Every structure is written in structure tokens, then in C-alpha cells.
Amino acid sequence: MRKLHISFIFLLTTALVLTACNKGPQEGVVATVNGKPILRADIDKLYNAQFANNPQQLTPDQADSARLQILQSLILDQIVEQRAAQQNLTATDAEVDAKVAEAKAPYTEEQFQAKLKASNESLDELRHDLRRSISFDKLLNKEINSRISITDADVSNYYNAHKAEFNLPEDEFHLAQIIVTVGPPSTGNNNLQNNKAVSEDDARKKIQAIKNRLESGEDFGTLAMNFSENPSTAPNGGDMGLIPESALKQQPPVFAAVSKLHAGQDTDIISFPDQNDPKRIGGFAVFRLIEKASQGQRDLNDPRVQQAIRQQLHDSRSQLLKAAYGEMLHNQAKVENYLAEQIFKDAAK
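Quick look at the structure, then.

Cut-offs and rules
Residues numbered from 1 in each chain as written. Predicted model: local features only at pLDDT ≥ 70, side-chain atom pairs only at ≥ 80, totals over all residues. Heavy atoms only, no water. Pairing = 2+ DSSP bridges. Helix = DSSP H or I, 4+ residues; strand = E, 2+ residues; numbered from the N terminus. Axes fitted to C-alpha atoms, helices over the stretch in contact; angles between N-to-C directions. Contact = heavy atoms within 4.5 Å. Parallel < 35°, antiparallel > 145°, perpendicular 65-115°, else oblique. Left-handed = near helix turned anticlockwise from the far one by under 90°. Nonpolar A, V, L, I, M, F, W, Y, C, P; charged D, E, K, R; others polar.

**A closer look at the sheet that holds strand β4 (residues 172–181)**
The 4 strands lie next to each other as β5-β4-β7-β6, forming an open sheet whose pairing is antiparallel. Each end of this open sheet is capped by a strand with a single partner; those strands are β5 (239–244) and β6 (270–273). Averaged over all pairs of adjacent strands, the angle between strand axes in this sheet comes to 45°, irrespective of strand direction. Examined bridge by bridge, β4 and strand β7 (residues 281–293) share 10 bridges and lie antiparallel to one another. Residue pairing for β7: isoleucine 179 is matched across the bridge by alanine 285. Taken strand by strand, helix α9 (residues 220–227) contacts β4 and β7, and its axis lies near 40° from that of β4.

**Re the sheet that holds strand β1 (residues 29–33)**
Pairing within the open sheet is antiparallel, and its 3 strands lie in the order β2-β1-β9. One side of each edge strand has no neighbouring strand; the edge strands of this open sheet are β2 (36–39) and β9 (335–337). Between one strand axis and the next, the sheet turns through 25° on average, direction left out of account. Contacting β1 and β2, helix α2 (residues 40–51) runs over the sheet at an angle of about 40° to β2. Lying on the sheet, helix α13 (residues 338–347) is in contact with β1 and β9; it crosses β9 at an angle near 35°.

**Overview of the packing of helix α4 (residues 93–104) against helix α6 (residues 123–143)**
Interaxial distance between α4 and α6 falls to 9 Å at its minimum, and their mutual angle equals 115°. The angle between the axes of α4 and α6 places the two elements in the roughly perpendicular class. In terms of crossing hand, the pair formed by α4 and α6 is right-handed. Along the contact surface, α4 presents Asp93, Glu95, Val96, Asp97, Lys99 and Val100, while α6 presents Leu123, Arg127, Leu130, Arg131, Ile134 and Lys138. Broken down by class, the residue content of the contact of α4 with α6 amounts to 5 nonpolar, no polar and 7 charged.

Remember, this is a structural readout, not a statement about activity or role.
Next comes the structure, spelled out in C-alpha cells:
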């Protein structure tokens, strides 16, 4: 009799556990990462920022695909954020305060508040984004960048295997840029400050403030990393690499301005048209001439060649390690993607 009673208790307990495990997601939750929820509102905010002004309406399938991609990014952000916390690398309040101060620097308090409102972002949300960005950088420096070592042999082997790359058929310009565009924020951070101009007036004020800071002697690379809105070049201090003269001539205003510079000098502010409507201004830019490279074979002993190879090898290895590291953390995390499950069920009907 006691055995029957124990068995009944066991079966009842098991049923309760299974019921709890199969319990659906809470209202508004689209995914969980190690139990921490990601809300539908988080996806909707980024989705609307990216596609609200899209002239072509997305089909339902395209919209679902876009939301899935946004959610995948949010899931990885959450995984990395939790890892940073585990490593005691979460940004301190003082570090966040310093970044907020930098973000405010180009604006008056009134302009800054207006900018937050235009971006549909509160100060608390900005602080959260900055804390996450700083924490990510600290984690990546510890877990990835500290593991990368580029030897002289690596540089020499690369040069010997790619010698033709350093034989310039024409003059090339090594440029850096700071870009400010007109339009809504996109998904992900374009710069360390998550700083984005929205209106044309906002963009004009921002680029002028940056130009003023350059003229006062502030570092070009630092300003580019913090405020430039080109996600491809901002992380590298605005560095665009070497651009052939023929390619640069395809942008006559830029070529005309750059060709007058000496190494280390900056152009005036240059406007460029909107790609979708050439009659409208799409943004503004300031370019710095780092050097002008004359045509011909460049030798391995050239410090510029050595630096370029080291940087390229470092960036390539860093990108590989980041991808592998992200996959490792994802494998170790418990992720429940309810949105993916729902989309699959709806599409498979």
C-alpha cells in the first residue's frame, strides 16, 4: 500500500514538473536567454526605427524575416551581456557617466533632449545601451584581443604571398572619414556613443560641432569612433584605407577637396546627396588625408606596409575569433526562441 502511495506521489510530481516545463511564454515575451526575457516591444522598437520610413512596404514574410534577424541580434547581445557580468566586466556608473557626457558634448541640454525625443529614446535607455557597449568592449578586449598576436613571420609570409597588392598601378590616397547621415537610427550601434543624427538640421549641427572639435586639436580617430555614422569605418577611427585615384575621382567634390591637402590635414565639411532622392541632402562628411601613396612597388621594410599588414591580419583574426566566441557562448546558453516557433507554426499550416 505504501509503495502504491509513493508511486502515485511520484507520478503526480512528474506530471506537475512536465506541465511547468511545457508552460508557454509569458505575454509579450518573444525569447528567453538563460531565463531572462526579451520582449516583443524590444523588437518592435528596432523594427520601426529601421523600416518606418521604408518607401516600399514589406510583405508579411519579409517582415517576419526582419524581426527574426533583429531577435537573433538581441539574443546574442543578451548572451554577451550576461557573460560580461559573469566576468565582472560590466561597465561602472562612472564609465557610463563619462560616455553620456561625451554624447552630450556637441549639443546644448535642450538640443540633447530634443535629440533623445526624436530618436524615441529615454536617457535611461541611452545609459543602458552605453553600459552594454562599454561592457562588450571590455569583454572582447579580455577574451579576444588579448589572445591575438601577429608575429614578424606572419607579416613576412603575408607580404610574400600578396606582393602584388603592394604594387600600386596608380597613386592612392589613404583617407579617414567622419560621416553624419540624415535619417532614423538603424539596428545596432554605428559608433561607441550610439550617436545618430535624425534630421538635416541635426546633422548639420552635429558635423559642425565635430569640425569645431577637430580644429581645436581633438583626435580625429577618437571623434570618428564616438560619433561617425558609418558602421564600416567608425570602429577603426574612420580609416578608409587606400583609395585609388581613379576611384576617388568618381566623387568629384571629395577628390577636389582631398587633392589640395597635405598629410594630416582635413577637408571642409562636404555634403552628399540622398541615394533615393538626389535633390535632398543625405548627410555630411569630413575627410582627413593620412598619406598619399605614389604608384609602384612598396617594400616590406616600409613601415606603412608593415602596419597595414599587421592591422589587416589583426582585424581578420579578431573577426574570426568573435564569430567563434559568439557561437561558443550561444551553445552554452539556454535559449528559447518563441517567435521562431510561432512563425514556423503559422507558416507550416
